[in-house]
Structure formats: C-alpha cells, structure tokens
Amino acid sequence: AQTVTQSQPEMSVQEAETVTLSCTYDTSESDYYLFWYKQPPSRQMILVIRQEAYKQQNATENRFSVNFQKAAKSFSLKISDSQLGDAAMYFCAYRNTTGNQFYFGTGTSLTVIP
Amino acid sequence: NAGVTQTPKFRILKIGQSMTLQCTQDMNHNYMYWYRQDPGMGLKLIYYSVGAGITDKGEVPNGYNVSRSTTEDFPLRLELAAPSQTSVYFCASGRTAREKLFFGSGTQLSVL
C-alpha cells in the first residue's frame, strides 16, 4: 500500500521568511500525482499546489513551490515570503493515475510569527 | 454551482445507533471519496467510487458502508455507531485522476 509521511508535526516561521515542509511517499508506480493541501481552522481543504510525477520541472504557484525528487520519493513544499494567512495545517497527498488511491499524510501545523 | 454538499454538519449519536452521512456534488464528477479525520491527524480513506454503481474499500472501511446509485450522490452509512467513529468526515469529488479534489465542508460526528 502507498504511504505518505510527513515527519514534521509542527513548524514555525517568521513573517516574510521562507519555510520548507517535508514529505516522503512510498509507491511502486512510475506515474502518479502529488498534492499539497492547506487546511485552515475553518476546516476547509484548499489545494495549494500539484505535481505530476512524469514532469521533471518542479511546480510553482506564486509564493509556493515544490522540490520534487522522484528517485528519493520526496516532495517538499517551500513557502516564500510567509504571510500570517499561511498559518494552517498542511497535508501532502498521493494519488495514482486511476484515481482509486488517494492518500494523505498526517499533516504539518504551520505557525507564522509576526 | 454548489460544489460538494455534505449534511449534516454536526451530529451526536449514541453507541449502537445508525445514521447516514449525505454527500452530493453537482459537477458531474466520476470520482468520489469519503475520508475521516481524527483530531490532529491526516485524512484516512474510508471508501471511494470511480463512477455510478462502482464502489470499493479504502484504508479504514470497517463499520461503514456506501452506495453510488447516481453520479451525484455518495452516502456513507454507519450501522452500529461506536466511540471509535468519533471524527470529522469529509466527502470529496474529482473529475479525473490528475485533477484536484473538491471537498465538502465536513461533518463532525460524536458517538457517546
């Protein structure tokens, strides 16, 4: 079974600084999709960024970017110029190409310090 | 366009009671999922469906059942509620495997 591991239960960052959240996963597939979701206290799940495993180029979305290391099965999220609104739980997720497996990590709670 | 709608938002059950969590999406998505999120934890997949009439178990299916008679609806049934089923339940849907999931707002369930 595929597993997703987030080894940092909590992280903190100063406002305007950069922080990196770690994620590793286990799979025997060569093609799959990886996601980072944000969950603020409202409980809403918000997609932050998505990466397709067959693409070597790392995905970026404004202040959010990933470091995708396929051989190492690593998928970290970098948040640049951190803002107070970035404070939330962040979940890494893996999805296979047929869509019948969509697994989440245990999350990293990010605190942004003013 | 309502997206994914879950009802109820909150519910308290007594041990042994049954209930159905409703999930409806109006985006004509084939893929639908049920997750549970325990306090401070990630989401665990309970059941999923890749289309009407097709359902299958996820990581933690025990104590739950689902059906998918239409594309829009994917209800989750708890037959004999147990305290271990106290959790927040999320329904999600997606158009294809590569695209993002759309999540409902969650149902907070307490079994006492």
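Let us look at the structure shown here. (Residues numbered from 1 in each chain as written. Chains lettered and ligands numbered in written order. Predicted model: local features only at pLDDT ≥ 70, side-chain atom pairs only at ≥ 80, totals over all residues. Heavy atoms only, no water.)

Some thoughts on the overall build of chain A
Alright, step 1. Across its full length, chain A holds zero helices and 12 strands.
Alright, step 2. Starting at the N terminus, the α and β elements of chain A follow one another as β-β-β-β-β-β-β-β-β-β-β-β.
Alright, step 3. By the compact-globule yardstick of 13 Å for 114 residues, chain A fits well, its C-alpha radius of gyration being 14 Å.
Alright, step 4. Projected onto the principal axes, the alpha-carbon positions of chain A cover approximately 40 × 25 × 20 Å.
Alright, step 5. Counting across all 114 residues of chain A, residues that qualify as buried make up 50%.
Alright, step 6. In chain A, the proportion of contacts linking residues at least 24 apart, taken out of those at least 6 apart, comes to 54%. (Helix = DSSP H or I, 4+ residues; strand = E, 2+ residues; numbered from the N terminus. Rg over C-alpha atoms; globule rule 2.2 N^0.38 Å. Buried < 20%, exposed > 50% of the residue type's maximum accessible area, 1.4 Å probe, protein only. Contact = heavy atoms within 4.5 Å.)

Structural notes on the overall build of chain B
Alright, step 1. Looking only at helices and strands, one finds zero helices and 11 strands in chain B.
Alright, step 2. For chain B, the succession of helices and strands along the chain, N to C, is β-β-β-β-β-β-β-β-β-β-β.
Alright, step 3. Relative to a compact globule of 112 residues, whose C-alpha radius of gyration would be 13 Å, chain B shows 13 Å and is just as compact.
Alright, step 4. The burial tally for chain B puts 46% of its 112 residues in the buried class.
Alright, step 5. Pairs at least 24 apart in sequence give 53% of the contacts found in chain B among residues at least 6 apart.
Alright, step 6. For chain B, the accessible surface area stands at approximately 5,200 Å², while carbon and sulfur atoms represent 52% of it.
Alright, step 7. Treating the 11 positive side-chain charges of chain B as one cloud and the 8 negative ones as another, the clouds have centres 5 Å apart. (Areas by Shrake-Rupley, 256 points an atom, 1.4 Å probe, with all protein chains shown as cover. Lys, Arg positive; Asp, Glu negative; His and termini not counted. Charge placed at Lys NZ, Arg CZ, Asp CG, Glu CD.)

Overview of the sheet that holds strand β7 (residues 64-66) of chain B
All names here are of chain B.
Alright, step 1. Spatially, β1-β3-β8-β7 is the arrangement adopted by the four strands of the open sheet, whose pairing is antiparallel. Each having just a single partner strand, β1 (4-7) and β7 make up the two edges of the open sheet. Within this sheet the neighbouring strands show an average axis-to-axis angle of 20 degrees, counted without direction.
Alright, step 2. Sheet analysis places strand β3 (residues 19-25) next to strand β8 (residues 76-78), joined by three bridges and oriented antiparallel. Looking across to β8, one finds that threonine 20 is bridged to arginine 77. (Pairing = 2+ DSSP bridges. Axes fitted to C-alpha atoms, helices over the stretch in contact; angles between N-to-C directions.)

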